[in-house]
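Observations on the three-dimensional arrangement
One letter stands for each residue in the lines below.
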Amino acid sequence: MLDAERNRMLMEVDAGTPMGEVLRRYWHPIAAESEFADKHTKPVRLLGENLVLYKDLSGKYGLLDRHCPHRRADLSYGWAEQDGLRCNYHGWLFGQNGKCLAQPYEDIEDPSGKLRKTIAIKNYRVSAQGGLLWAYMGPDPAPEPPCYEHFHWQNGFRQIVFSEIPCNWFQCQENSIDPVHFEWMHSNWDIKLNGKTAPYSPSHIKVDFEEFDLGFIYRRIRTDTDENHAMWRLGRVCLWPYALATRSHIEWRVPIDDETTLSVGWFFDRVPKEKEPYVQNSVPHWYAPIRDEKTGRWITSHVMNQDFVAWVGQGLFADRTQEHLGRSDRGIAMIRQRYFRDMEAVKRGEDPKAVIRDPEQAARIQFPIDGLELFRDGQDNADHPRRQKFAFLAGQPPEIARAYDDAMGFGEKPTNK
Ligand code: FES
Ligand SMILES: [Fe+2]
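What you see is a predicted model; the values in this text were computed from it and never measured.

Take the domain arrangement of the protein chain next. Taken domain by domain, the protein chain comprises domain 1 (31–136) and domain 2 (149–408). Put simply, the middle of domain 1 and the middle of domain 2, counted by C-alpha atoms, are 33 Å apart. The interface of domain 1 with domain 2 comprises 14 residues on the first partner and 15 residues on the second. Where domain 1 meets domain 2, there are nine residue pairs in polar contact (both at pLDDT 80 or more).

Right, let's talk about the pattern of salt bridges for a bit. Inspection of every chain in the model, using the stated rule, returns 29 salt bridges. With a closest N to O distance of 3.1 Å, Arg8 and Glu12 form a salt bridge. A salt bridge links Glu276 to Arg270, with the shortest nitrogen-to-oxygen separation between them at 2.8 Å. Several salt bridges converge on common partners, so that one network encompasses Glu174, Arg320, Glu323 and Arg336.

Moving on: the coordination of the iron ion (ligand 2). Around the iron ion (ligand 2), the protein contributes the donor atoms His181 (NE2), His186 (NE2), Asp307 (OD) and Asp307 (OD), at 2.0 to 2.6 Å from the metal centre. One way to put it: the four donor atoms around the iron ion (ligand 2) meet at angles of 55 to 144 degrees, and that makes the site irregular.

Extensive coverage of strand β10 (residues 132–136) is indicated by the burial of five of its five residues. Because side chains alternate across β10, one face comprises the buried residues Leu132, Trp134 and Tyr136, and the other comprises Leu133 and Ala135, equally buried. For strand β1 (residues 27–32) and β10, the ladder comprises five bridges, and the chain directions are antiparallel. Residue Ala32 lies in a different strand from β10, and its bridge partner there is Leu132. Counting the residues between successive antiparallel strands, the hairpin from strand β9 (residues 123–129) to β10 contains two residues, one of them, Gly130, with a positive phi of roughly 65 degrees.

Where a strand is regular, its side chains alternate between the two sheet faces. The pairing of strand β4 (residues 61–65) with β9 spans two bridges and is classified as antiparallel. Within β9, the position partnered with Leu64 by the bridge is Asn123. Two elements, β9 and β10, share five bridges in a ladder whose sense is antiparallel. Among the inter-strand pairings, Ser127 is bridged to a residue of β10, identified as Trp134.

Right, let's talk about the side chain of Arg270 for a bit. The topology assignment puts Arg270 in strand β17 (residues 260–270). Among the polar contacts listed, one links the side chain of Arg270 to the backbone oxygen of Gln154, at a separation of 3.3 Å. At 2.9 Å, the side chain of Arg270 forms a polar contact with the backbone oxygen of Arg376.

Inspection of every chain in the model, using the stated rule, returns 27 aromatic pairs. Between Trp134 and Trp252 the ring centres are 5.4 Å apart and the planes differ by 90 degrees, which places this aromatic pair in the edge-to-face class. Of the two residues, Trp134 sits in strand β10 while Trp252 sits in strand β16 (residues 249–257), which places them 118 residues apart along the sequence. Each of the two residues, Trp134 as well as Trp252, counts as buried.

Within the largest apolar cluster, 78 residues are counted, with the highest numbers of intra-cluster contacts made by Trp252 and Phe367. When residues of this core are assigned to their parent elements, the largest contribution, six residues, is made by helix α9 (residues 330–347). Among the domains, domain 1 (31–136) and domain 2 (149–408) are the pair contributing at least three residues each to this core. Contacts of Trp252, omitting those with residues within four sequence positions, involve Pro29, Leu132, Trp134, Tyr148, Phe151, Tyr242, Ala243, Leu262, Ser263, Val264 and Trp266. Phe157, Val271, Trp286 and Phe308 belong to the second-largest nonpolar core, a separate cluster that totals 22 residues.

With that settled, consider the sheet that holds strand β2 (residues 41–46). The six strands are arranged β1-β10-β9-β4-β3-β2 in an open sheet whose pairing can be described as antiparallel. Among the strands making up the open sheet, the edge pair consists of β1 and β2. If you compare each strand with its neighbour and ignore which way they point, the axes differ by 30 degrees on average. Of the strand pairs in this sheet, strand β3 (residues 49–55) and β4 are connected by five bridges, and their pairing is antiparallel. Along β4, the bridge assignment pairs Tyr54 with Gly62.

Cut-off values and rules
Residues numbered from 1 in each chain as written. Chains lettered and ligands numbered in written order. Predicted model: local features only at pLDDT ≥ 70, side-chain atom pairs only at ≥ 80, totals over all residues. Heavy atoms only, no water. Domains from an automatic or database assignment. Contact = heavy atoms within 4.5 Å. Polar contact = N/O pair within 3.5 Å; in protein donor to acceptor, adjacent residues only side chain to side chain. Salt bridge = Lys/Arg side-chain N within 4 Å of Asp/Glu carboxyl O. Donors = N, O, S within 2.8 Å, 3.2 Å for Na, K, Ca; no water. Tetrahedral: all angles 85-135°; square planar, octahedral: opposite > 155°, others 65-115°. Buried < 20%, exposed > 50% of the residue type's maximum accessible area, 1.4 Å probe, protein only. Helix = DSSP H or I, 4+ residues; strand = E, 2+ residues; numbered from the N terminus. Pairing = 2+ DSSP bridges. Phe/Tyr/Trp six-rings, centres within 6.5 Å; stacked < 30°, edge-to-face > 60°. Core = buried A, V, L, I, M, F, W, Y, C linked by side-chain atoms within 4.5 Å. Axes fitted to C-alpha atoms, helices over the stretch in contact; angles between N-to-C directions.

Right under this line is the structure:
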């Protein structure tokens, strides 16, 4: 159990708060590159700051304050130029380094550009990795942008899925170190949701948690497995600062602000060997709804939607002064302690956990992955899973289901809804 003050410290993400300063030492996934196929700006809110992400006509990405330093117009309604973003109100132009490059009327009255030279707009670094756009909002020098092992895999169908979750990010992240919820929230609840009563999923009989350089690993044994099972040998990775890596996909819980979290899922399905070579030029993205419009209740049919039900169910801010941790929650206690130590480290001017500054490590970030050879080297058609609905999030657009079917060779008709 935590007191209210320490609970608050875990949750607040604004600049100047202990956790806000820790989080500003990492890169954050905030958009898909494919979002810029048909537009040049995207309004973004990250760690409580309103920003605009844009792609200029030379193909460079920039991230600026949402509001123009002239008279505060919304720059997400501006337009991209060869080397910057132009405000639609009076035409001031800004480069990705925040410099004001033009003030059309002022530049006529005062060609020396006296005012222009004093103007700078808040700006942050952007990096494209794995089809995602990442932002860094911390002090220099920035760590290396993260390119995970998964982003190197070829011959696969990748997709990026965003959902906006109306609750604090930290309770979402605690779900990344919670083995027992699989048995209840996914397996057994699915059985109930499908109108059945039995048999229940095999029970967990042993769990273990361990810290490593990139995060934490949890392991489990159920009544149907033993210590030779991958879930015990390799376990599953709670990836610092706020992701869960489960085999071929990674889920990040990105703090938009104290009250809202952006769930970002990156998914990979290797095509059968018979369909190689398969090249996907850009990683498609979609936004997943979380509420059932007919009933007004949360959607419960897909794995991550079920997680979302737990997260928002804990309230806007989980009240940890009221909880009762058990033995299965040892991992939760461990990550909280690590975050408190990270806050102290940042206060001392040190890096928090898992900030990667080695370019070689960042270029291919590796950690234990069950089935790695399969994703890296491919699998034969005979062993390849048959067409199933996309199990993780509800609302996959039919064109993405169709592209997936084509990639896998499942025929023309998508079966997903
Ligand atoms: S408010 Fe942006 S140019 Fe005037
Ligand atoms: Fe889950």
